[in-house]
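# Fold and contact review
This is what each chain is made of:
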Amino acid sequence: MAGAGAMRESLVIQQNQHSAIAVNSLTRTGSTAIATTDTAHGYPDGSVATIAGASQSEYNLTTPITVTGPTTFTYPVSGSPSSPATGDITALYVRDGEGGHQDNWVPLATVYG
(Lines give C-alpha, C1' and ligand atoms only; values in the text may rest on other atoms or scores of the structure.)
Protein backbone atom coordinates (compact mmCIF):
# COMPACT_ATOMS: atom_id res chain seq x y z
CA MET A 1 0.00 0.00 0.00
CA ALA A 2 1.30 3.41 -0.86
CA GLY A 3 1.87 5.72 2.10
CA ALA A 4 1.32 3.02 4.70
CA GLY A 5 3.45 3.34 7.82
CA ALA A 6 3.78 2.16 11.34
CA MET A 7 1.34 3.46 13.85
CA ARG A 8 2.92 5.04 16.91
CA GLU A 9 1.12 5.55 20.21
CA SER A 10 2.15 7.25 23.39
CA LEU A 11 1.09 6.92 27.00
CA VAL A 12 1.57 9.79 29.42
CA ILE A 13 1.87 8.74 33.06
CA GLN A 14 0.63 11.46 35.40
CA GLN A 15 0.32 12.04 39.13
CA ASN A 16 -2.12 14.33 40.93
CA GLN A 17 0.50 16.35 42.78
CA HIS A 18 0.31 19.53 44.81
CA SER A 19 3.10 21.79 45.99
CA ALA A 20 3.49 23.00 49.55
CA ILE A 21 2.79 26.70 50.02
CA ALA A 22 4.43 29.03 52.54
CA VAL A 23 2.58 29.95 55.72
CA ASN A 24 3.76 33.42 56.74
CA SER A 25 1.81 33.56 60.01
CA LEU A 26 0.59 30.82 62.32
CA THR A 27 -1.04 31.91 65.56
CA ARG A 28 -3.22 30.27 68.19
CA THR A 29 -6.41 31.38 69.93
CA GLY A 30 -7.44 28.79 72.51
CA SER A 31 -7.44 25.44 70.72
CA THR A 32 -7.61 26.93 67.20
CA ALA A 33 -4.60 27.57 64.97
CA ILE A 34 -4.96 30.41 62.44
CA ALA A 35 -2.79 30.13 59.32
CA THR A 36 -2.14 32.90 56.81
CA THR A 37 -0.46 31.99 53.52
CA ASP A 38 1.67 34.14 51.23
CA THR A 39 -0.55 33.41 48.23
CA ALA A 40 -4.14 32.26 47.73
CA HIS A 41 -4.21 28.62 48.86
CA GLY A 42 -7.25 27.52 46.81
CA TYR A 43 -8.19 24.87 49.38
CA PRO A 44 -11.88 23.98 49.63
CA ASP A 45 -13.50 24.33 53.05
CA GLY A 46 -13.33 21.05 54.97
CA SER A 47 -10.34 19.77 53.03
CA VAL A 48 -7.38 18.07 54.68
CA ALA A 49 -3.95 19.70 54.72
CA THR A 50 -0.56 18.84 56.19
CA ILE A 51 1.02 21.67 58.15
CA ALA A 52 4.75 21.19 58.70
CA GLY A 53 7.89 23.06 59.68
CA ALA A 54 6.71 24.79 62.86
CA SER A 55 9.25 24.68 65.70
CA GLN A 56 6.35 24.00 68.07
CA SER A 57 5.43 20.40 67.18
CA GLU A 58 1.78 20.75 68.24
CA TYR A 59 1.13 22.82 65.09
CA ASN A 60 2.57 20.15 62.75
CA LEU A 61 -0.12 17.70 61.68
CA THR A 62 -2.40 16.48 58.93
CA THR A 63 -5.89 17.72 59.71
CA PRO A 64 -9.20 18.97 58.30
CA ILE A 65 -9.20 22.75 57.89
CA THR A 66 -11.84 25.46 57.93
CA VAL A 67 -11.27 28.01 55.17
CA THR A 68 -11.86 31.56 56.41
CA GLY A 69 -10.54 33.46 53.37
CA PRO A 70 -8.46 33.11 50.20
CA THR A 71 -5.20 33.23 52.20
CA THR A 72 -6.42 32.03 55.61
CA PHE A 73 -7.65 28.86 57.25
CA THR A 74 -7.99 27.46 60.76
CA TYR A 75 -7.56 24.03 62.30
CA PRO A 76 -7.71 22.49 65.79
CA VAL A 77 -4.49 22.32 67.78
CA SER A 78 -3.92 20.59 71.11
CA GLY A 79 -1.84 21.72 74.05
CA SER A 80 -0.61 25.27 74.51
CA PRO A 81 2.10 25.87 71.91
CA SER A 82 3.57 29.37 71.92
CA SER A 83 2.01 31.88 69.55
CA PRO A 84 3.00 32.90 66.98
CA ALA A 85 4.62 29.71 65.75
CA THR A 86 8.19 29.92 64.48
CA GLY A 87 10.01 27.97 61.81
CA ASP A 88 9.81 27.49 58.05
CA ILE A 89 6.11 26.60 58.00
CA THR A 90 4.30 25.14 54.99
CA ALA A 91 0.85 23.82 54.15
CA LEU A 92 0.22 21.02 51.67
CA TYR A 93 -3.20 20.09 50.29
CA VAL A 94 -3.89 16.38 50.86
CA ARG A 95 -7.53 15.81 49.85
CA ASP A 96 -11.00 17.30 50.03
CA GLY A 97 -13.36 16.47 52.87
CA GLU A 98 -14.87 13.51 50.99
CA GLY A 99 -11.51 11.89 50.21
CA GLY A 100 -11.26 13.16 46.62
CA HIS A 101 -8.53 15.33 45.17
CA GLN A 102 -8.40 18.66 43.38
CA ASP A 103 -6.97 18.21 39.92
CA ASN A 104 -3.34 19.21 39.55
CA TRP A 105 -2.05 16.55 37.18
CA VAL A 106 1.71 16.58 36.63
CA PRO A 107 3.29 14.39 33.89
CA LEU A 108 5.82 11.92 35.28
CA ALA A 109 6.82 10.09 32.10
CA THR A 110 5.86 9.50 28.48
CA VAL A 111 6.10 6.00 27.04
CA TYR A 112 6.13 5.50 23.26
CA GLY A 113 5.15 2.22 21.68
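Our structure's up above, just so we're on the same page.
A brief report on the enclosed structure follows.

You can see T37 is positioned in strand 3 (residues 32-37). Of the residues examined, T37 reaches a relative accessible area of 4% and is grouped as buried. For T37, the side chain forms a polar contact with the main-chain oxygen of T39, separated by 2.6 Å. If sequence neighbours within four positions are ignored, T37 has contacts with I21, A22, V23, N24, T71 and F73.

Side chains A33, A35 and T37 of strand 3 all project onto a buried face; the interleaved residues T32, I34 and T36 project onto a face where none is buried. Bridge count between strand 2 (residues 21-29) and strand 3: six bridges; the pairing is antiparallel. Residue L26 lies in a different strand from strand 3, and its bridge partner there is A35. With antiparallel pairing between neighbouring strands as the criterion, strand 2 and strand 3 make up a hairpin whose turn holds two residues, including G30 at a positive phi of roughly 65°. Both strand 3 and strand 7 (residues 72-76) contribute to a ladder of five bridges, which runs antiparallel. Opposite I34, over in strand 7, you have T74 as the bridge partner.

The next point concerns the environment of V67. Tracing the backbone shows V67 in strand 6 (residues 66-69). Owing to a relative accessible area of 23%, V67 belongs among the partly exposed residues under this scheme. Placed 33 residues apart in sequence, V67 and I34 show a C-alpha to C-alpha distance of 9.9 Å. Residues in contact with V67, not counting those within four places in the same chain, are H41, Y43, P44, D45, T72 and F73.

About the cut-offs
- Residues numbered from 1 in each chain as written.
- Predicted model: local features only at pLDDT ≥ 70, side-chain atom pairs only at ≥ 80, totals over all residues.
- Heavy atoms only, no water.
- Helix = DSSP H or I, 4+ residues; strand = E, 2+ residues; numbered from the N terminus.
- Buried < 20%, exposed > 50% of the residue type's maximum accessible area, 1.4 Å probe, protein only.
- Polar contact = N/O pair within 3.5 Å; in protein donor to acceptor, adjacent residues only side chain to side chain.
- Contact = heavy atoms within 4.5 Å.
- Pairing = 2+ DSSP bridges.

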